[in-house]
Amino acid sequence: MEVLLVAILMAVGLAGVLLPFMPGLPIIWGAALLYGFATEFGGLGVTAMIAITALAGMGIAASFVLPDRAGVASGATRSTRLFAGVMGVVGFFVIPVIGFPLFACAGVLLAQYRETAEWDVALRSTVAVLKGFGAGLVAELSAGLAMVVVWVAWVALD
């Protein structure tokens, strides 16, 4: 029964990776931890949980680092990236589902235009950051899938 419950929670966590208002990777991690407690971590439990924790950390870090690095590579200044981050947080509360990336990209566009007075430069930086968000989402989803695979192996081999 616990396997079914954990599988459902992990499916919800994977959906949460795609939905900004739900913490996908922490849900998957928590489901694995719940399984570990339910099975007393078994023979592979500790090793699997360490791997799942590392994957969660890498996925979460990638979702923050990749958009920022894309902004740096496109020439966005630190103040532009900081403004975009603040705008993203505001957007998260204004439009829960898509507000963070939408407002963050608008923040890059406006701040970069303010600094350069050139719309093409500002648009290039905005597109780069948007691609960074996409890369971060792919990395986070990949980490989530890998976490689920580790858990499935844990269940199968334990």
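Our structure is the block above this text.
What you are looking at is a predicted structure, and each value in this text was computed from that prediction instead of being measured.

About the thresholds
Residues numbered from 1 in each chain as written. Predicted model: local features only at pLDDT ≥ 70, side-chain atom pairs only at ≥ 80, totals over all residues. Heavy atoms only, no water. Helix = DSSP H or I, 4+ residues; strand = E, 2+ residues; numbered from the N terminus. Buried < 20%, exposed > 50% of the residue type's maximum accessible area, 1.4 Å probe, protein only. Contact = heavy atoms within 4.5 Å. Areas by Shrake-Rupley, 256 points an atom, 1.4 Å probe, with all protein chains shown as cover. Lys, Arg positive; Asp, Glu negative; His and termini not counted. Charge placed at Lys NZ, Arg CZ, Asp CG, Glu CD. Core = buried A, V, L, I, M, F, W, Y, C linked by side-chain atoms within 4.5 Å.

**Q** Kindly report on the overall build of the chain, identifying the contributing residues and their values.
**A** Of regular secondary structure, the chain possesses six helices and zero strands. For the chain, the N- to C-terminal ordering of α and β elements is α-α-α-α-α-α. Structurally, the chain occupies a C-alpha span of about 60 × 30 × 15 Å along its principal axes. By the burial criterion, 35% of the 158 residues in the chain qualify as buried. For the chain, restricting intrachain contacts to residue pairs at least 6 apart in sequence, the fraction spanning at least 24 positions comes to 66%. Accessible surface for the chain amounts to roughly 8500 Å². Of this, 78% is attributable to carbon and sulfur atoms. Distance between charge centroids for the chain: 17 Å, based on 6 positive and 8 negative side chains.

**Q** Tell me about the nonpolar core, and name the residues and values.
**A** One finds Met10, Ile28, Ile52, Met147, Trp151 and Trp154 to be the most contacted residues of the largest nonpolar core, which totals 20 residues. Every element with two or more residues in this core is listed here: helix H1 (2–18), helix H2 (24–38), helix H3 (45–73) and helix H6 (119–157). Of all hydrophobic cores here, the second largest spans six residues; its members include Ala84, Ala104, Cys105 and Val108.

Fair warning: the whole summary comes from geometry, so function is off the table for now.
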